[in-house]
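# A look at the structure
Here are the chains, one letter per residue:
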Amino acid sequence: MAETTSAEASGDGVRGSQANTGNELQAKSVLTKIAAFVADRNIPFLVCSIGMIVMLLWAGKFKMTAPGAEGIIPLVSNSPLTSWQFKVFGPYILGDMIGATEWTAAILLIIGYFKPKGGILGGIILVGMFFTTSSMLITTPGDTVVVHGIHYMNDLGLFLFKDIISFGVAFYLISYYGRKAIMAENQR
């Protein structure tokens, strides 16, 4: 598969230091040249995808251990989206299921490097997963502390809040893999 710049993949027609071919814009200032350099090398995709893969493999493995399964009890037991699963499966089987889901998504993101539709599927799994865990921010008691009458997130709240950022990264990965899949479909 021919490699394109992220600028080409997104269709924005902005190029770094390459020649202007008529319908492309040329980066001229230092700031836009830096931005073009980053885009031309797919640095956002690489950082987001590799970071997400490592996080999913690591967190997924941890949830398959007794401490990991026990650690999610206060989160899943208070969520209307997951409390029923906690009651049906218990913390250990549920921890294994969540860990296996995270590993599946990570493997699909890796497959997406070669077959973009695999990456799209991995991203869709992540959207569902991070939507669920992000919703726990409003259902888990004790995720904030009150200081002078103002609520601040404590460690648990910040732990949950990171999934809102991961939720956005999941959408970014779907769109990136989606552009690659569309390009592959149109080359046939």
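Conventions and cut-offs
Residues numbered from 1 in each chain as written. Predicted model: local features only at pLDDT ≥ 70, side-chain atom pairs only at ≥ 80, totals over all residues. Heavy atoms only, no water. Phe/Tyr/Trp six-rings, centres within 6.5 Å; stacked < 30°, edge-to-face > 60°. Helix = DSSP H or I, 4+ residues; strand = E, 2+ residues; numbered from the N terminus. Buried < 20%, exposed > 50% of the residue type's maximum accessible area, 1.4 Å probe, protein only. Salt bridge = Lys/Arg side-chain N within 4 Å of Asp/Glu carboxyl O.

## Topic: the packing of aromatic side chains
This structure, assessed with the given rule, holds 7 aromatic pairs. Taking the centre distance of 6.2 Å and the plane angle of 45° together, the rings of Phe 131 and Phe 167 count as tilted. Here Phe 131 is found in helix 7 (residues 116-139), whereas its partner Phe 167 is found in helix 8 (residues 155-187), with 36 residues between them in sequence. Taking the relative accessible area as the measure of exposure, Phe 131 reaches 47% and is therefore partly exposed. An angle of 40° between the planes, with centres 6.3 Å apart, marks the rings of Tyr 172 and Tyr 176 as tilted. Placement of the pair is Tyr 172 and Tyr 176 together in helix 8, with a separation of 4 residues, close to one helical turn. Residue Tyr 172 is classed as partly exposed on the basis of its relative accessible area of 26%.

## Topic: the pattern of salt bridges
Taken as a whole, this structure holds 3 salt bridges when the rule is applied. With a shortest N-O distance of 3.0 Å, Glu 102 and Lys 63 are connected by a salt bridge. Of this pair, Glu 102 sits in helix 6 (residues 83-112) while Lys 63 is found in helix 3 (residues 43-63), placing the two residues 39 residues apart along the sequence. Here Lys 117 and Glu 185 are joined by a salt bridge, their closest N and O atoms 3.0 Å apart. Of the two residues, Lys 117 sits in helix 7 while Glu 185 sits in helix 8, which places them 68 residues apart along the sequence.

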